[in-house]
Amino acid sequence: MLVLTKPVQFEEIIKGSRFLSELIPCESQAQARDILKAQKEKYADATHVVHAFIVGKNGEVMGMSDDGEPSGTAGRPTLDVLKGRNCTNLIITITRWFGGTLLGTGGLVKAYGNGAKQVLEAAAAQNAFEELIEKTDFIFSTDYSLYKLLKNNFVNYQLYNISEDFGTEVTISGQIKADQYNDFASHLLNLSNGKIKL
């Protein structure tokens, strides 16, 4: 499964209506609601803010809304495009400013589906996707004498968002690829002669 690493936009005008498609990283249903609320406030002058989202380790949680467009013409085609991309933890909002010409149900399905497709292609072109890796948080403290030795061993592991705090001891926190956690913990224990526990 792929996850989005940064927001991406795509915009087009169709028969006078402006469609702004935005892809935004999102990790839960609650966060999807918050993002949607923020988008609706940001684009208070828009006619519709349609959305679709997929979250969860296996993309098991999904949602969508037509936001006032005829039923099945906006949220469903948008979600269908997302589902075809093997991605999770993202929300797409497609904001429409009505331009005076009715598109009809077929035209709406095409406009929203294409908006979703184009913003996903833009995200792929910008390398905005990465493989979903399950991560586990960790934190430990060490004295300065062991710090360099431990730090040199970090290259053997997939670590993320490392933070170091230099006080009376060095406190290191971050995330590690989940399936490496136990090995990392026993490695630190061995290197420190049993002093360091994650």
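We now turn to the structure provided with this report.

Cut-off values and rules
- Residues numbered from 1 in each chain as written.
- Predicted model: local features only at pLDDT ≥ 70, side-chain atom pairs only at ≥ 80, totals over all residues.
- Heavy atoms only, no water.
- Pairing = 2+ DSSP bridges.
- Helix = DSSP H or I, 4+ residues; strand = E, 2+ residues; numbered from the N terminus.
- Axes fitted to C-alpha atoms, helices over the stretch in contact; angles between N-to-C directions.
- 1 Å grid on protein atoms, 1.4 Å probe; cavity = no way out; pocket = protein on both sides within 12 Å on 5 of 7 lines; lining within 4 Å.
- Points joined across faces, edges and corners; volume = space filled by probe spheres on them.
- Nonpolar A, V, L, I, M, F, W, Y, C, P; charged D, E, K, R; others polar.
- Core = buried A, V, L, I, M, F, W, Y, C linked by side-chain atoms within 4.5 Å.
- Buried < 20%, exposed > 50% of the residue type's maximum accessible area, 1.4 Å probe, protein only.
- Contact = heavy atoms within 4.5 Å.
- Disulfide = S-S within 2.5 Å.

Our focus in this paragraph is the sheet that holds strand S5 (residues 61-65). Sheet strands pair via backbone hydrogen bonds, and the direction of the pair is either parallel or antiparallel. An order of S2-S3-S7-S4-S5 is seen for the 5 strands of this open sheet, with the pairing classed as antiparallel. Both outer strands of the open sheet, strand S2 (8-14) and S5, are each paired with one neighbouring strand and no more. Ignoring which end each strand starts from, the neighbouring axes of this sheet average 10 degrees apart. Alignment of S2 against strand S3 (residues 17-25), held across 7 bridges, turns out to be antiparallel. Bridged to Glu 11 within S3 is Leu 20.

If you add up the space inside the largest pocket, you get close to 410 Å³. Around the largest pocket sit 15 residues that line it, and Val 3, Glu 27, Asn 89, Leu 132 and Ile 133 are the ones nearest its centre. At the level of secondary structure, the elements contributing two or more residues to the lining of the largest pocket comprise strand S1 (2-4) and strand S8 (129-131). The residue inventory of the lining of the largest pocket, partitioned by class, reads 6 nonpolar, 3 polar and 6 charged.

In this structure, Val 8, Leu 23, Leu 82, Ile 92 and Tyr 112 are the most contacted members of the largest nonpolar core, which totals 25 residues. Setting aside residues up to four positions removed in sequence, Tyr 112 forms contacts with Phe 19, His 48, Val 50, Glu 69, Thr 73, Ala 74, Thr 78, Ile 94 and Arg 96. In this structure, Leu 146, Leu 150, Ile 176 and Phe 184 belong to the second largest nonpolar core, which totals 14 residues.

Another aspect to go through is the sheet that holds S8. What the 3 strands build is an open sheet, ordered S6-S1-S8; its pairing is mixed. Of all strands in the sheet, those with a lone pairing partner are strand S6 (87-88) and S8, marking the two edges. Direction of pairing for S1 relative to S8: antiparallel, over a ladder of 3 bridges. Each residue of the ladder has a partner; that of Leu 4, found in S8, is Phe 129.

A word on the state of the cysteines. A full pass over the atoms with the stated rule returns 0 disulfides. With no disulfide of its own, Cys 26 has Cys 87 as its nearest cysteine by sulfur position, at a separation of 12 Å. Residue class for Cys 87 comes out buried when judged on its relative accessible area of 3%.

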